[in-house]
Amino acid sequence: MDYAIISQQKVKTLKGILAHNSRKHITDNIDISRMEQNINLFDCPYKNEDEFLKLKSQEIKEANLTRKVKSKMPKTGSAVCQEYIFTHSPGALDKNESIEYCEMAFQFIKDRFPNNELLAAHIHMDETTPHIHIDISYYDEINKRFNQRDLYKEKLTDINSIRDDFQKFISDKFPQLKRQDGSVVEKQQHQSKSNKEIAKLKEQTKVLKTQNKSLYEQNKVLTDTNITLQEKVNSS
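Since the model is a prediction, treat every value here as computed from it, not as a measurement. (Residues numbered from 1 in each chain as written. Predicted model: local features only at pLDDT ≥ 70, side-chain atom pairs only at ≥ 80, totals over all residues. Heavy atoms only, no water.)

**Thoughts on the overall build of the protein chain**
Our working rule: Helix and strand definitions follow DSSP, with helices as H or I runs of at least four residues and strands as E runs of at least two, each counted in order from the N terminus. Computation of the radius of gyration draws on C-alpha atoms alone. For the globule rule, the value is 2.2 Å times the number of residues to the power 0.38. Under the scheme applied here, a residue whose accessible area is under 20% of the maximum for its type counts as buried, over 50% as exposed, and between as partly exposed, the area being computed with a 1.4 Å probe on protein chains only. Any two residues whose heavy atoms approach within 4.5 Å at even a single point are treated as in contact. Methods summary: accessible areas were calculated by the Shrake-Rupley approach with a probe of 1.4 Å, and residue burial reflects only the protein chains presented. Positive residues here are Lys and Arg, negative ones are Asp and Glu, while His and the chain termini are left out of the count. Charged groups are reduced to one reference atom each: NZ for lysine, CZ for arginine, CG for aspartic acid, CD for glutamic acid.
Each helix and strand counted, the protein chain has 7 helices and 7 strands in total. Secondary structure elements in the protein chain, listed N-terminal to C-terminal, are β-α-β-α-β-α-β-β-β-α-α-β-α-α. A globule of 236 residues ought to have a C-alpha radius of gyration of about 18 Å, yet the protein chain, at 24 Å, is considerably larger. In the protein chain, which comprises 236 residues, the proportion classed as buried is 42%. Contacts spanning at least 24 positions in sequence make up 77% of the contacts within the protein chain whose residues lie at least 6 apart. With the model as given, the accessible surface of the protein chain reaches about 14,300 Å², and the carbon-plus-sulfur share is 51%. In the protein chain, 38 side chains carry a positive charge and 35 a negative one; their mean positions are 8 Å apart.

Take a look at the structure:
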């Protein structure tokens, strides 16, 4: 049996996840020869979460000037967006069908969160199974406020509700794809590489800092040795 597979995660740091999704950072599971087949439906307009939050803070301050109930920025370290990954059972669809499936997932998310700012959407054709990453913020562009609690109360971010509704959304076009159950989540769910990539980048930075420190110490020894030799030359 073939399944429509959806995973979800909250995102606090944009830089790592966007580097992976836009292929600015290449991982071992990517087939470089097929990267040109990827489709960027929407590129993130922000470099990182700090730039995003700074702009939203200014928009909220301006909006608060004319409303009775003031809106607040999320707490430091809170998730700034949610990422949805839509894929399907390996081999269930051909290339063109997979692209159409991903485009339908993109439309589904835009329809489900019409007021929330879209941050990025990328279709990946260069991994084992085609899939799409969709990053949508918790920021309501219409009302100029973060609405994560409202989305939760209305069960719009509930993964089971999303799976039920998406199944209905694609049923006419892809009736062969069934709704995933718990076992499918464990066996076939596409696992995001973003957090692993962040950890890997941090480890690489740590190694570079250690190497830099070592080079600094070696340079200091050479400098001291040069000074000593120069003093001997001058005294002879």
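**Considering helix H3 (residues 95-112)**
Note the threshold: To estimate the expected span of a helix, subtract one from its residue number and multiply by 1.5 Å. Polar contact is defined as a pair of N or O atoms within 3.5 Å, subject to the rule that within protein one atom must be able to donate a hydrogen and the other to accept it, and that residues adjacent in sequence are counted only when both atoms are side-chain atoms.
Between its terminal C-alpha atoms H3 stretches 26 Å, which fits the 26 Å expected from 18 residues at 1.5 Å a residue. Taken residue by residue, H3 has Ser 98, Ile 99, Tyr 101, Cys 102, Met 104, Ala 105, Phe 106, Phe 108, Ile 109 and Arg 112 as its buried positions. Among the residues of H3, the N-terminal cap falls to Asp 94, whose side-chain oxygen and the backbone nitrogen of Asn 96 are separated by 3.2 Å.

**Some thoughts on the pattern of salt bridges**
Selection criterion: Here a salt bridge means any side-chain nitrogen of Lys or Arg lying within 4 Å of a carboxyl oxygen belonging to Asp or Glu.
One pass over the full model with this rule turns up 10 salt bridges. For Lys 56, the salt bridge is made with Glu 117, and the minimal N-O distance between the two is 3.0 Å. Linking Lys 56 in helix H2 (residues 49-64) with Glu 117 in strand S4 (residues 116-124), this pair joins segments that are 61 residues apart in sequence. The buried category is assigned to Lys 56, whose relative accessible area is 2%. Classification of Glu 117 as buried rests on a relative accessible area of 6%. Across the pair Asp 150 and Arg 145 runs a salt bridge, and its minimum N-O distance is 2.5 Å. By relative accessible area, which is 26% here, Asp 150 ends up partly exposed.

**Some remarks on the pairing of strand S5 (residues 131-140)**
As a reminder of what qualifies: The criterion for strand pairing is that DSSP finds at least two bridges linking the strands in question.
Among the 10 residues of S5, 10 are classified as buried, and the element is accordingly described as predominantly covered. For strand S3 (residues 81-88) and S5, the ladder comprises 6 bridges, and the chain directions are antiparallel. Bridged to Tyr 84 within S5 is Ile 134. Judged from the 7 bridges that link them, S4 and S5 form a sheet pairing that is antiparallel. Each residue of the ladder has a partner; that of Asn 116, found in S5, is Asp 140. Hairpin remark: S4 followed by S5, antiparallel, with 6 residues in the connecting loop.

**Here's the deal with the packing of aromatic side chains**
Heads up, the condition is: Two aromatic rings, drawn from Phe, Tyr or Trp (for Trp, its six-membered ring), form a pair once their centres lie within 6.5 Å of each other, and the interplanar angle then sorts them: stacked below 30 degrees, edge-to-face above 60, tilted otherwise.
What the rule picks out here adds up to 11 aromatic pairs. Here Phe 52 and Phe 146 contribute two aromatic rings whose centre-to-centre distance is 6.2 Å and whose plane-to-plane angle is 90°, an arrangement assigned as edge-to-face. In this pair, Phe 52 sits in helix H2 while Phe 146 sits in strand S6 (residues 145-146), placing the two residues 94 residues apart along the sequence. For Phe 52, a relative accessible area of 0% puts it in the buried group.

**What to know about the nonpolar core**
Threshold: Nonpolar cores are built from buried Ala, Val, Leu, Ile, Met, Phe, Trp, Tyr and Cys residues. Side-chain atoms within 4.5 Å join them into one set.
Counting 46 residues, the largest nonpolar core has Phe 86, Tyr 101 and Phe 166 as the members making the most contacts within it. Secondary structure elements with two or more residues in this core: strand S1 (2-11), helix H1 (14-21), H2, S3, H3, S4, S5 and helix H5 (159-170). Considering each element in turn, this core owes the most residues, 8 residues, to H3.

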